[in-house]
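Residues per chain, in single letters:
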Amino acid sequence: MPWWHRIAYLGGNISGILLVIWSVVLSFVGSSNGDIPTATGVGNTDDAVQYFAICLPCLFGLAIATALATLIKLKKPERLTTAVECCYQNTGGY
């Protein structure tokens, strides 16, 4: 196994753990005022723009991850894996 695989695996593990910690911290730290919209409030709308905006992080994650994986010449199965992991893991923290 190339040396950079170990670094990539370590970076991925650390990032995943930090994402979980960050999500837990954000779930306990709330705003003292009610000005910040909640996910429930945003999701319960009939406005088409809201639905589109909710999909944007996932779509951007897929596009950027696929483009970067292609630029570094990963094999096609690795490109797909990279895109899916970036899309779902990165949008999970928001």
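Every value quoted in this text rests on a predicted model; they were computed, and no experiment measured them. (Residues numbered from 1 in each chain as written. Predicted model: local features only at pLDDT ≥ 70, side-chain atom pairs only at ≥ 80, totals over all residues. Heavy atoms only, no water.)

1. Quick look at the overall build of the protein
Point 1. Looking only at helices and strands, the protein has four helices and zero strands in total.
Point 2. In the protein, the succession of helices and strands from N to C terminus is α-α-α-α.
Point 3. The buried share of the protein, taken over its 94 residues, is 9%. (Helix = DSSP H or I, 4+ residues; strand = E, 2+ residues; numbered from the N terminus. Buried < 20%, exposed > 50% of the residue type's maximum accessible area, 1.4 Å probe, protein only.)

2. Regarding the environment of Thr81
Point 1. Structurally, Thr81 is set in helix H4 (residues 76–92).
Point 2. Taking the relative accessible area as the measure of exposure, Thr81 reaches 46% and is therefore partly exposed.
Point 3. Separated by 16 residues in sequence, Thr81 and Ala65 place their C-alpha atoms 9.5 Å apart.

3. Observations regarding the layout of surface pockets
Point 1. Looking at the largest pocket, its volume works out to about 850 Å³.
Point 2. Lining the largest pocket are 23 residues, with Ala8, Gly12, Thr81, Thr82 and Glu85 sitting closest to its centre.
Point 3. Put simply, the parts of the chain that give the lining of the largest pocket at least two residues each are helix H1 (3–28), helix H3 (48–71) and H4.
Point 4. It is H1 that provides the largest number of residues to the lining of the largest pocket, a total of 10 residues.
Point 5. Taken together, the residues of the lining of the largest pocket break down into 11 nonpolar, 10 polar and two charged. (1 Å grid on protein atoms, 1.4 Å probe; cavity = no way out; pocket = protein on both sides within 12 Å on 5 of 7 lines; lining within 4 Å. Points joined across faces, edges and corners; volume = space filled by probe spheres on them. Nonpolar A, V, L, I, M, F, W, Y, C, P; charged D, E, K, R; others polar.)

4. Some details on a nonpolar patch on the surface
Point 1. A grouping of Leu10, Ile14, Ile17, Leu18, Val20, Ile21, Val24, Val25, Phe28 and Val29 is seen on the molecular surface, where their side chains present a nonpolar patch of about 980 Å² in accessible area.
Point 2. By the element assignment, Leu18 lies in helix H1. (Patch = residues over 30% accessible without salt bridge, like charges linked within 9 Å, V, L, I, M, F, W, Y side chains within 5 Å. Areas by Shrake-Rupley, 256 points an atom, 1.4 Å probe, with all protein chains shown as cover. Salt bridge = Lys/Arg side-chain N within 4 Å of Asp/Glu carboxyl O.)

5. Digging into H3
Point 1. In a regular helix each residue adds 1.5 Å, so 24 residues correspond to 34 Å; H3 covers 34 Å between its end C-alpha atoms and thus fits that length.
Point 2. A bend of about 35 degrees at Leu56 is the largest found in H3, and the proline Pro57 appears one to four places after it.
Point 3. Among the residues of H3, Gly61, Ala65 and Ala69 are the ones counted as buried.
Point 4. Note on H3: the residue one or two positions beyond its end, Lys73, has a positive phi of about 60 degrees. (Expected span 1.5 Å × (residues − 1). Bend = angle between axes of the 7 residues up to and from the residue.)

6. A short note on the confidence of the model for the protein
Point 1. Mean pLDDT over the protein stands at 76; residues scoring 70 or higher make up 74%.
Point 2. The least confident element of the protein is helix H2 (residues 39–43), whose mean pLDDT is 61; the most confident is H3, at 82. (pLDDT = per-residue confidence, 0-100.)

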